[in-house]
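Breakdown of the fold
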Amino acid sequence: MDLQPKQQIERLRDELNRHNYNYYVLNSPEISDRDFDMMMKELEQLEKEHPEYADPLSPTQRVGSDINKAFTQHLHQRPMLSLGNTYSIEEVDEFVTRTRDALMGQDFTIVGEMKYDGTSISLTYEHGRLVRAVTRGDGERGDVVTDNVKTIKSVPLTLQGSGWPEEFEIRGEIVLPWKEFDRLNAEREFNEEPLFANPRNAASGTLKMQNSAEVARRGLDAVFYYLLGDNLPADNHYDNMIAAKEWGFKVAPVMSKLHGIDEVDRFINHWDTARKELPVATDGLVFKVNDLRQQLNLGYTAKSPRWAIAYKFQAERALTRLQSVSFEVGRMGIVTPVANLDPVLLSGTIVKRASLHNEGIIRSLDIHDHDMLYVEKGGEIIPKVTGIDVSARQPDANPIQFVTRCPVCDTPLVRIEGEAAWMCPDKEGCAPQICGRLEHFVGRRMMNIEGIGEEMAVILYRNGWVKTPADLYTLSRHSRDMMLLPGMGPRTVERILDGIEASKSVPFERVVYALSIPYVGETVAKKLARAVRDIDSLMNADTESLTLIDDIGPRIAESIITYFSNPDNREMVEQLRAAGVQMSLPEEDESSRTDLLKGKSIVISGTFSHHSRDEYKEIIERNGGKNVSGISKKTDFVFAGENMGPSKLEKARTLGIPIINEEEFLKMINQ
Ligand code: IVH
């Protein structure tokens, strides 16, 4: 007998949920990927044919969407506390003793778990369905990131088994497994994007991305370790976690019941090294009193429970001798001190250099010539210098002095106002700055000119062929000389010249980024380009018009104005323009323009669900309206999303300015 579409849909959803669980939680798939995909396609098709049975928690809804959606905030029903933590086994032992005393001789069990190094999450389920995922935020309120969390395949959208409370919360950690972390960073390296320092940053950065389709691609996972609510299935933590496992959650796989100090210490000693074999990053262990009644008895301090403690692993560190400090000059002229070290083995790699960041750090550590330095790799990629063994200092050692002149071009350094950094001001004459700007200009995310890397940029500059990015477009004049360079042949030269030619069609927003305007990174460049639309408007913009653009503050505005007040930069722009580089965004499709908001001054505020605020600003302009930043008598209306600031709301009310919500606005522009 054929099933009714509704039953067929339900059956497929159940099946797919089960296979998801087998694959992502249990790591033991029962069917092939291909069969899984076919089942998914079948469900997608049926759901398309029967929109009346749509369900946001269907397994087809895990893919995420490309809509940029700002997050709304949610007040945690139960605040998300942190744990008291320690680096010493003795203090963990004291915790056990303290607990024994407080429980006045009652028997008690401690559950030992890993402390996962990701970003914490709270999920709320009602009637077996995921209703909300919220980040920790400040512990009181966090961001609602349900759409992003739904893309994590091991998170159950609907629960399996039985016995779950009607309403409950489960907390855990969103993590990026090492494998995915390495893959992501390799990809970022290829794309010349900044690398994530550790899986924790990568996980929290990913979770806060506005594009859930991209989140879905990143390979996040989630581990759960805390169940909260009334009517929990058991009166102890351990059994509650076992129940959660049966409902489909990926529960922390390391969970041991321990009795007394000896067992606790043994657990610590074991996992201190065994944790290195785990597929996800951990930064310590957590010990919890198992019995919920005893937990209640022990209670809480203002910040953390008295029934639990975190033991943090000591970051791996090594002691090695400082050979010298070198000072490196970057593309923006910032001088960075780098410690050159006697090579030393640290967490499996040989470390020879460590960044000292800035003068302040050299001073605060009080580093002297040939000091013995502690270097650490606390889950970060680049090791850092964290201390000194002063007893090993040679009596005649001098403190390290920060250079006062540029180590490359000898120009006296200047201090960047309000920052710890020193800078070489000779933008036009200092080789690493010139070559750094060239290298940036040709980068994959900027003009994407292949064949020119760090070395080639230096060669082109040393030979006097290229000094500014604009000179690249006359490089063909030197093609004969280039072919004579060691290791270069006609093919390589041709590839470079082809790349330069192709860069003429790179969109304007990437050209803006490629210019190396201080403080104008990729995102800012995009916002600028979309707001001003062409280079002339950007070159002639004043502080006021620039700061009206989203995310552009006075510091960035000032930096843009300073950049274009330099005649050399203006000349370079003209040369780039003459060469045929894109200096404006393509003309808008005129059919999308209307006069629906003609002459209206509109203040936009808050967060929206159908488009991002930036998109709405563009929509306002395309419909003839004007974006203004502050509410005044001249404002026609305030376009308000969620979480609009109370003072703005108040001001609009006192001035009697109409407040329009998202739905009303979309109606106004016939959408
Ligand atoms: S229990 C009230 N268990 O560590 C205590 N937390 O500093 C609730 N964490 O914010 C937390 N692994 O993000 C607990 N096995 C574990 C954990 C764990 C990692 C994180 C969590 C929390 C922080 C506490």
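In this text, all values refer to a predicted model and were calculated from it rather than measured experimentally.

How each quantity is defined
- Residues numbered from 1 in each chain as written.
- Predicted model: local features only at pLDDT ≥ 70, side-chain atom pairs only at ≥ 80, totals over all residues.
- Heavy atoms only, no water.
- Core = buried A, V, L, I, M, F, W, Y, C linked by side-chain atoms within 4.5 Å.
- Buried < 20%, exposed > 50% of the residue type's maximum accessible area, 1.4 Å probe, protein only.
- Helix = DSSP H or I, 4+ residues; strand = E, 2+ residues; numbered from the N terminus.
- Contact = heavy atoms within 4.5 Å.
- Phe/Tyr/Trp six-rings, centres within 6.5 Å; stacked < 30°, edge-to-face > 60°.
- Pairing = 2+ DSSP bridges.
- Arc of directions from axis to C-beta.
- Near = heavy atom within 4 Å.
- Polar contact = N/O pair within 3.5 Å; in protein donor to acceptor, adjacent residues only side chain to side chain.
- Areas by Shrake-Rupley, 256 points an atom, 1.4 Å probe, with all protein chains shown as cover.
- Nonpolar A, V, L, I, M, F, W, Y, C, P; charged D, E, K, R; others polar.
- Salt bridge = Lys/Arg side-chain N within 4 Å of Asp/Glu carboxyl O.
- Disulfide = S-S within 2.5 Å.

Looking at the nonpolar core
Looking at soluble globular proteins, one finds that nonpolar side chains tend to be buried together. With 54 residues, the main nonpolar core has Leu472, Leu528 and Phe564 as its most contacted residues. Elements that contribute at least two residues to this core include exactly helix H12 (431–442), helix H13 (454–462), helix H15 (490–502), helix H16 (508–514), helix H17 (522–532), helix H18 (535–539), helix H20 (554–565) and helix H21 (567–579). Leave out the neighbours within four places in its chain, and Leu472 touches Leu438, Phe441, Val442, Ile449, Ile452, Leu460, Val466 and Ile500. Phe71, Tyr125, Ala202 and Ala222 belong to the second largest nonpolar core, which has 39 residues in total.

Description of the packing of aromatic side chains
Scanning the model with the defined rule gives 20 aromatic pairs in all. The interplanar angle of 55° and the centroid separation of 5.8 Å between the aromatic rings of Tyr226 and Trp307 together place this pair among those described as tilted. Of this pair, Tyr226 sits in strand S8 (residues 221–228) while Trp307 is found in the loop between helix H10 (292–298) and strand S11 (308–312), placing the two residues 81 residues apart along the sequence. Among the residues examined, Tyr226 registers a relative accessible area of 19% and is labelled buried.

Let's talk about the sheet that holds strand S3 (residues 110–116)
Across the sheet, five strands lie side by side as S2-S11-S10-S3-S9; this open sheet has mixed pairing. The open sheet has two free edges, formed respectively by strand S2 (85–86) and strand S9 (255–258), since each of these has just one partner strand. The pairing of S2 with S11 spans two bridges and is classified as parallel. By the bridge assignment, Asn85 is partnered in S11 with Ala310.

Structural notes on helix H22 (residues 613–622)
Side chains three or four residues apart in an α-helix point the same way, a direct result of the helix having 3.6 residues per turn. Among the residues of H22, those classed as buried are Tyr616, Lys617, Ile619 and Ile620. Looking straight down H22, one finds that the buried residues subtend no more than 160° of arc, so they occupy a single side. The secondary structure elements touched by the buried residues of H22 are strand S19 (601–605), strand S20 (626–627), strand S21 (637–640) and helix H24 (662–668). Phi turns positive one or two residues past the end of H22, at Gly624, with a value near 90°.

A short note on the site of the ligand
Residues in close proximity to the ligand total 13 residues, the closest being Glu113, Met114, Tyr116, Glu173 and Tyr225. Tyr116 places a polar main-chain atom, nitrogen or oxygen, 3.0 Å from a nitrogen atom of the ligand. Residue Ser120 places a side-chain N or O atom 3.3 Å away from an oxygen atom belonging to the ligand. Here the ligand loses 91% of its free accessible area of 530 Å² to cover by the protein chains. Broken down by secondary-structure element, the contributors of at least two residues to the shell around the ligand are S3, S8 and strand S10 (282–289). No other element matches S3, which puts four residues into the shell around the ligand. Residues that form the shell around the ligand fall into these classes: seven nonpolar, two polar and four charged.

Structural notes on the pairing of S19
Regular strands place their side chains on alternate faces of the sheet. Most of S19 is tucked away, with five of its five residues classed as buried. Burial along S19 is two-sided: Ser601, Val603 and Ser605 and Ile602 and Ile604, pointing in opposite directions, are all buried. As paired elements, S19 and S20 share two bridges and run parallel to each other. Its bridge partner being in S20, Ser601 is matched across the sheet by Lys626. Note: S19 against S21, four bridges, orientation parallel. Paired with Val603 across the strands is Val638, a residue of S21.

A few points about the pattern of salt bridges
For the structure shown, the criterion picks out 36 salt bridges. Residue Glu15 pairs with Arg18 through a salt bridge whose shortest N-O separation is 3.4 Å. One end of the pair is Glu15 and the other is Arg18, both in helix H1 (residues 5–25) and three residues apart, which spans about a single turn. The residue Glu113 makes a salt bridge to Lys288 at a minimum N-O spacing of 2.9 Å. Note that Glu113 is positioned in strand S3 and Lys288 in strand S10, a separation of 175 residues in sequence.

Regarding the side chain of Glu359
When you line up the elements, Glu359 lands in helix H11 (residues 359–365). The buried category is assigned to Glu359, whose relative accessible area is 10%. Within the local environment of Glu359, its side chain forms a polar contact with the side chain of Arg415, the two groups lying 3.2 Å apart. The contacts of Glu359, once residues within four sequence positions are left out, are Phe402, Arg415, Ala420 and Trp422.

Some points on the state of the cysteines
Under the defined criterion, the tally for this structure stands at zero disulfides. Considering cysteine sulfurs only, Cys406 is the nearest to Cys430, which forms no disulfide, with 3.8 Å between them. Left unpaired, Cys435 is separated from the closest cysteine sulfur, that of Cys430, by 9.4 Å.

Focus on the sheet that holds strand S22 (residues 659–660)
Judged by pairing direction, the sheet is parallel, and its four strands sit side by side in the order S20-S19-S21-S22 without closing on themselves. Of all strands in the sheet, those bounded by a partner on one side alone are S20 and S22.

Everything listed here is a matter of coordinates, which is why it stays silent on function.
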